[in-house]
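# Architecture at a glance
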Amino acid sequence: MRPMLNLLRSFGTTACRQAPMARFDLARRSLTIKSGDLEIDKYATAIASGNRFMLSKAITLIESTRDDLRTKGQQILDRLLELQAQKRKGQGFRLGISGPPGVGKSTFIEALGMEWINAGHKVAVVAVDPSSHLSGGSILGDKTRMERLSMNPNAYVRPCASGCVLGGLAQHTDEVVMLMEAAGYNMVLVETVGVGQSEVLVTEVADMCLLLLPPAGGDELQGIKRGIVEAADLVVVNKADGDLLMPAKRALVEYRSALHTARGGGRAQRPWWEGSAMLCSSVDGTGVANVAKEALKFKQTGEQAGELLKRRGDQRTTWMWRKAEQDLIEAFRAHAKVKTLGAKLESEVRAGYKSSRFASKALISEYLQAQK
């Protein structure tokens, strides 16, 4: 009771002239804001000290569909970014991994993650799982396939649903990655949902893009879109063991040729780095150490050239505009007048009385008029 009385006294004569309930409400709201700030600081301090439980809670807030919870998660992230800026911590490394279904991405990520942990690094994994376009649900089973990594105290594995968002990533992948880095994980692996025409979005969150491919060529190679091949900084042929070793070696030759062709006959995507291809086996570990060394070589070369810092800045501004678009769409669809007109136009479009383009323009016009 005493803190409340002291707070009421601090409002001065202007507050004292207000009605009793108004004064009480003002005091209560001020205390709520202060307690909210304390809670944000509590989250940030815990995450910065490596508390995995609080990290998981913060990621859940960021991914929430509720605006109030998502705002709270954003406040936690902003506070962590402030703490990082004060400490002037060095930049970690983000490796994006794409590959067709069945190529062994989860097994490869576990092998690579354990390689880096044994070298003294802390590893976090964002495993993006495809969401159903019908139910919106996801299986999120990647964590169960990384048993050793999931149980290691120097690793953190977080499955995320794509939410039917194209590009191979989830809507909040960039924020999840930043939370992981703030928790002290200096090596972050981002696994996309697979290889398709739009999976190049991984270039907008990762420092380096690794394309994992099966030990086959020909028709298998045709299924890999040119865009992701052009974006790849390193191509790795997995499952190069046992009876598949010779097919893997033949495929390596084809993939190197495809990489050379996709990049315009030797014109590298980045002047300071020439993409390469190599073999590995996630099962017996052959070649995994070489992949780890090549990735760290990319990091060192990119940092020396100043390119990784520039790329991070470009990525942040890209996500800024993408989130602004998403927020605008949410505000547009939630507007009362748009909902009312939308219901009317939907029936007319379904019946064929109006075109979708006409209805779209009418909805936008209604929204813009309401903002005046």
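Overview of the structure.

Parameters and conventions
- Residues numbered from 1 in each chain as written.
- Predicted model: local features only at pLDDT ≥ 70, side-chain atom pairs only at ≥ 80, totals over all residues.
- Heavy atoms only, no water.
- Phe/Tyr/Trp six-rings, centres within 6.5 Å; stacked < 30°, edge-to-face > 60°.
- Helix = DSSP H or I, 4+ residues; strand = E, 2+ residues; numbered from the N terminus.
- Lys NZ or Arg CZ within 6 Å of the ring centre and 35° of its normal.
- Salt bridge = Lys/Arg side-chain N within 4 Å of Asp/Glu carboxyl O.
- Buried < 20%, exposed > 50% of the residue type's maximum accessible area, 1.4 Å probe, protein only.
- Pairing = 2+ DSSP bridges.
- Expected span 1.5 Å × (residues − 1).
- Contact = heavy atoms within 4.5 Å.
- Axes fitted to C-alpha atoms, helices over the stretch in contact; angles between N-to-C directions.
- Parallel < 35°, antiparallel > 145°, perpendicular 65-115°, else oblique.
- Left-handed = near helix turned anticlockwise from the far one by under 90°.

With that out of the way, let us pick up the packing of aromatic side chains. Per the stated rule, a full pass over the model turns up 5 aromatic pairs. Geometrically, the ring pair formed by Y156 and Y185 is tilted, given 6.0 Å between the ring centres and 35 degrees between the ring planes. A residue pair is termed long-range when its members are at least 10 positions apart, and Y156 in strand 3 (residues 155–161) and Y185 in the loop between helix 8 (173–182) and strand 4 (187–191) qualify at 29 residues. Ring plane angle 85 degrees and centroid distance 5.1 Å describe the contact between W273 and F298, whose orientation is recorded as edge-to-face. On the criterion of sequence distance, the pair formed by W273 in the loop between helix 11 (245–262) and strand 7 (276–279) and F298 in helix 12 (residues 288–305) is long-range, its members being 25 residues apart. In this structure an aromatic cluster arises from ring pairing among W272, W273 and F298. Its guanidinium or amino end placed over the ring of Y185, K122 lies 4.7 Å from that ring's centre, counting from NZ or CZ. Directly above the aromatic system of W319 lies the positively charged group of R322, at a separation of 5.1 Å from the ring centroid.

What follows is about the pattern of salt bridges. Summed over the entire model, instances satisfying the criterion amount to 18 salt bridges. Among the salt bridges present, the one from D67 reaches R70, with a minimum N-O distance of 3.6 Å. Taken as a pair, D67 and R70 lie in helix 5 (residues 67–87) at a separation of 3 residues, close to a single helical turn. Given a relative accessible area of 53%, D67 falls into the exposed group. Here the residues in one salt-bridge network are R94, E181, D207 and R312, joined through shared partners.

Right, let's talk about the pairing of strand 4 for a bit. In terms of burial, strand 4 is a largely internal element, 5 of the 5 residues being buried. Burial along strand 4 is two-sided: M187, L189 and E191 and V188 and V190, pointing in opposite directions, are all buried. Pairing analysis gives 5 bridges linking strand 1 (residues 93–98) to strand 4, with the strands arranged parallel. Looking across to strand 4, one finds that R94 is bridged to V188. In this sheet, strand 4 lies alongside strand 2 (residues 123–129) in parallel orientation, the contact comprising 5 bridges. Across the sheet, residue V123 finds its bridge partner in strand 4, namely M187.

Looking now at helix 13 (residues 307–334). Compared with an ideal rise of 1.5 Å per residue, which puts 28 residues at 40 Å, helix 13 spans 41 Å between its outermost C-alpha atoms and is within 8% of the ideal. For helix 13, the full list of buried residues reads L308, R311, R312, Q315, W319, K323 and Q326. Contacts from the buried residues of helix 13 go to strand 1, helix 8, strand 5 (208–213) and helix 12.

Burial analysis of strand 3 places 6 of its 7 residues in the buried class, which makes it a mostly covered element. For strand 2 and strand 3, the ladder comprises 7 bridges, and the chain directions are parallel. From the neighbouring strand, V128 faces strand 3, where its bridge partner is C160.

Time to look at the packing of helix 14 (residues 336–351) against helix 15 (residues 356–370). Axis separation between helix 14 and helix 15 bottoms out at 10 Å; the angle between their running directions is 165 degrees. Judged by the inter-axis angle, helix 14 sits roughly antiparallel to helix 15. In this structure, helix 14 crosses over helix 15, and the sense of that crossing is right-handed. Within the contact between the two elements, helix 14 uses K337, V338, L341, G342, L345 and V349 and helix 15 uses A359, A362, L363, E366, Y367 and A370.

Within the secondary structure, W272 is located in the loop between helix 11 and strand 7. Along the sequence, W272 and F298 sit 26 residues apart, while their C-alpha atoms lie 9.3 Å from each other. Non-local contacts of W272, meaning those with residues more than four positions away in its chain, are made with F298, T301, G302, A305, E307 and L308.

Turning our eyes to something else, we now look at the sheet that holds strand 5. One open sheet accounts for 7 strands, arranged 3-2-4-1-5-6-7; its pairing is parallel. The open sheet terminates on both sides in strands that have one partner only, identified here as strand 3 and strand 7. Neighbour-to-neighbour, the strand axes of this sheet turn through a mean angle of 20 degrees, independent of strand direction. Its contacts with the sheet put helix 6 (residues 105–118) on strand 1, strand 2, strand 3, strand 4, strand 5 and strand 6 (234–237), and the angle it makes with strand 4 is roughly 175 degrees.

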